[in-house]
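Coordinate analysis (summary)
Listed below are the residues making up each chain.
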Amino acid sequence: MTQVYEKVALIGLGLIASSMSWAIKRGGLAGQVTGYARSQETRDTARRIDLCDVCESAADAVKDADLVVLCVPVGVMGAVAQEIAPYLKSGATVSDVGSVKRAVIEAVSPFIPDDVHFVPAHPLAGTEHSGPEAGFASLFDNRWNLLVPVEGTDPTAVDRLRAFWEGMGANVDVMDPDHHDLVLAVTSHVPHLIAYTMVGVADDLRRVTDSEVIKYSAAGFRDFTRIAASDPTMWRDVFLSNQEATLEILGRFTEELFDLQRAIRTGDGDKLHQYFTRTRAIRRGIIQAGQDTDAPDFGRVKK
Ligand code: NAP
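Residues numbered from 1 in each chain as written. Predicted model: local features only at pLDDT ≥ 70, side-chain atom pairs only at ≥ 80, totals over all residues. Heavy atoms only, no water.

Turning our eyes to something else, we now look at the packing of aromatic side chains. Under the definition given, this model contains four aromatic pairs. Summarising the aromatic geometry, the rings of Phe164 and Trp165 are spaced 6.4 Å apart at their centres and angled 80° between planes, so their arrangement reads as edge-to-face. What links up through ring pairs into an aromatic cluster is the set Tyr5, Phe140, Phe164 and Trp165. (Phe/Tyr/Trp six-rings, centres within 6.5 Å; stacked < 30°, edge-to-face > 60°.)

So, in structure tokens, the structure goes:
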């Protein structure tokens, strides 16, 4: 147990913040954790499960905090930063967990006082569940957290945040914001859009074939439905704030899709086989890197 910050404030009390709170407690990383969410309902739930010291305003939560983490949807990061700015302690660090980095940096930076550090971050861990009851202490174990410090940031503040995330079980890397947004467009944002689309297509089909799509849904489609059950507000904000990179990757995706479509139409089995052999190797690489399990059906326990 090594305390990294005396007081940590979490703004937003959803999946990520609640997982952080449990992981902070597990690791003894802070003397106190305060939290705030905009609705009374969420604050009451957080109190009921004894998540952290829940405050009735963001200003109260951040008062005297050494680290403030914005755990709200990307589209409201700027407004929340503006709201808390007058109450930040001199020498404190503000960070965030937003899934997009360039837009968050642009929205939040103007409100950060000169005597406060700003170290944006993005933990590459999550589930399709939301809210304070969705969190669990091991969410970040052996997952990557990308720190995206802005130019001129005090390296001590970055090192301290790194130690904090490592204490929560994460592996930490530092990345440039634009590169982050492009990488995440490939690994997360566009795959989510594809899942949303596929489930939408199947839903249209369901109207024709009654309940067959649900009844006979095999592992592939079930995984799409799991991803497509992700929080609509969070994902709307991700696409609106990472427009450029997602559109670039979507452009490449549709080109490849048309290419495979042509291979199917022309009966080009070699092309399909070669393509699927290449993609299978990528899956093996992910398992070798410890970022997934090779258990059949992704290790799901049958109930
Ligand atoms: P979530 O479970 O939906 O929680 C969002 C929280 O933000 C809720 O407590 C909500 O309060 C609060 N909130 C929204 N607007 C607010 C405002 N104006 N002021 C104060 N609180 C506000 O979301 P999450 O999954 O934890 O995601 C939070 C952030 O983490 C997002 O930026 C997302 O991009 C990022 N992220 C998510 C994942 C993932 O897989 N879910 C992974 C990595 C990063 P109410 O409940 O009162 O509405």
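With that settled, the discussion passes to the site of the ligand. Taken together, 28 residues lie around the ligand, and Ser39, Thr42, Val72, Ser99 and Gly131 are the ones closest in. Ser39 is positioned with one of its side-chain polar atoms (N or O) 2.6 Å from an oxygen atom of the ligand. For the ligand, whose free accessible area comes to 900 Å², the fraction covered by protein is 87%. The set of elements that each furnish at least two residues to the shell around the ligand consists of helix H1 (15-27), helix H4 (77-84) and strand S7 (121-123). Residue classes in the shell around the ligand are distributed as 16 nonpolar, eleven polar and one charged. (Near = heavy atom within 4 Å. Polar contact = N/O pair within 3.5 Å; in protein donor to acceptor, adjacent residues only side chain to side chain. Areas by Shrake-Rupley, 256 points an atom, 1.4 Å probe, with all protein chains shown as cover. Helix = DSSP H or I, 4+ residues; strand = E, 2+ residues; numbered from the N terminus. Nonpolar A, V, L, I, M, F, W, Y, C, P; charged D, E, K, R; others polar.)

Let us look at the side chain of Asp181. Positionally, Asp181 belongs in helix H7 (residues 177-209). No salt bridge is formed by the buried Asp181; its nearest oppositely charged neighbour, Arg102, is found at 5.9 Å. For Asp181, the residues in contact, after removing those within four places along its chain, are Val100, Lys101, Arg102, Asn242 and Ala245. (Buried < 20%, exposed > 50% of the residue type's maximum accessible area, 1.4 Å probe, protein only. Lys, Arg positive; Asp, Glu negative; His and termini not counted. Salt bridge = Lys/Arg side-chain N within 4 Å of Asp/Glu carboxyl O. Contact = heavy atoms within 4.5 Å.)

Here helix H6 (residues 155-167) spans 18 Å end to end across 13 residues, near enough to the 18 Å set by a 1.5 Å rise per residue. For H6, the set of buried residues is Ala157, Val158, Leu161, Phe164 and Trp165. Buried residues in H6, looked at end-on, bunch into an arc of 120°, giving them a common side. What points out from H6, more than 90 degrees from its buried face, is the exposed set Pro155 and Thr156. Once H6 ends, the next one or two residues include Gly169, with phi positive near 100°. (Expected span 1.5 Å × (residues − 1). Arc of directions from axis to C-beta.)

With that settled, consider unusual backbone geometry. Positioned with a positive phi, Asp50 is a non-glycine residue whose angle comes to about 60°. Among the secondary structure elements, Asp50 is positioned in the loop between helix H2 (40-48) and strand S3 (53-54). The phi torsion at Asn142 lies on the positive side, around 60°, for a residue other than glycine. Inspection of the secondary structure assignment puts Asn142 in the loop between S7 and strand S8 (144-147).

Moving on to the sheet that holds strand S4 (residues 67-70). Pairing is parallel in the open sheet, where six strands are placed in the order S3-S2-S1-S4-S5-S6. This sheet does not close on itself; its edge strands, each paired only once, are S3 and strand S6 (117-118). As paired elements, strand S1 (residues 5-11) and strand S2 (residues 30-36) share six bridges and run parallel to each other. Counted as the bridge partner of Tyr5 is Ala30 from S2. Sheet contacts for H4: S1, S4 and strand S5 (93-96); angle to S4, the most-contacted strand, approximately 150°. (Pairing = 2+ DSSP bridges. Axes fitted to C-alpha atoms, helices over the stretch in contact; angles between N-to-C directions.)

Moving on: the nonpolar core. Judged by nonpolar contacts, the single largest core of 38 residues is most densely connected at Met20, Phe140, Phe164 and Trp165. Contributions of two or more residues to this core are made by S1, H1, S2, S4 and H6. Among the elements that take part in this core, H1 stands out by supplying six residues, more than any other. Those residues in contact with Phe140 that sit more than four places away from it in its chain are Ile16, Ser19, Met20, Ala23, Pro123, Ala125, Trp165, Met168, Gly169 and Ala170. Ranked by size, the runner-up nonpolar core spans 29 residues in total, among them Val94, Val108, Phe118 and Val148. (Core = buried A, V, L, I, M, F, W, Y, C linked by side-chain atoms within 4.5 Å.)

This brings us to the domain arrangement of the protein. If you check the domain split of the protein, you get domain 1 (5-175) and domain 2 (179-291). A straight line from the C-alpha centre of domain 1 to that of domain 2 covers 30 Å. Across the boundary between the two partners, domain 1 contributes 18 residues, which contact 17 residues of domain 2. If you sort the residues of domain 1 by the area they bury against domain 2, Val100, Glu128 and Met175 come out on top, with a joint share of 36%. Here domain 1 is connected to domain 2 by one salt bridge. Between Glu128 and Arg226 there is a salt bridge, and its shortest N-O distance comes to 3.6 Å. Our count for the contact surface shared by domain 1 and domain 2 stands at seven residue pairs in polar contact (both at pLDDT 80 or more). Elements represented by at least two residues in the side of domain 1 that touches domain 2 include exactly helix H5 (102-108) and S8. (Domains from an automatic or database assignment. Buried area = accessible area lost by both parts, 1.4 Å probe.)

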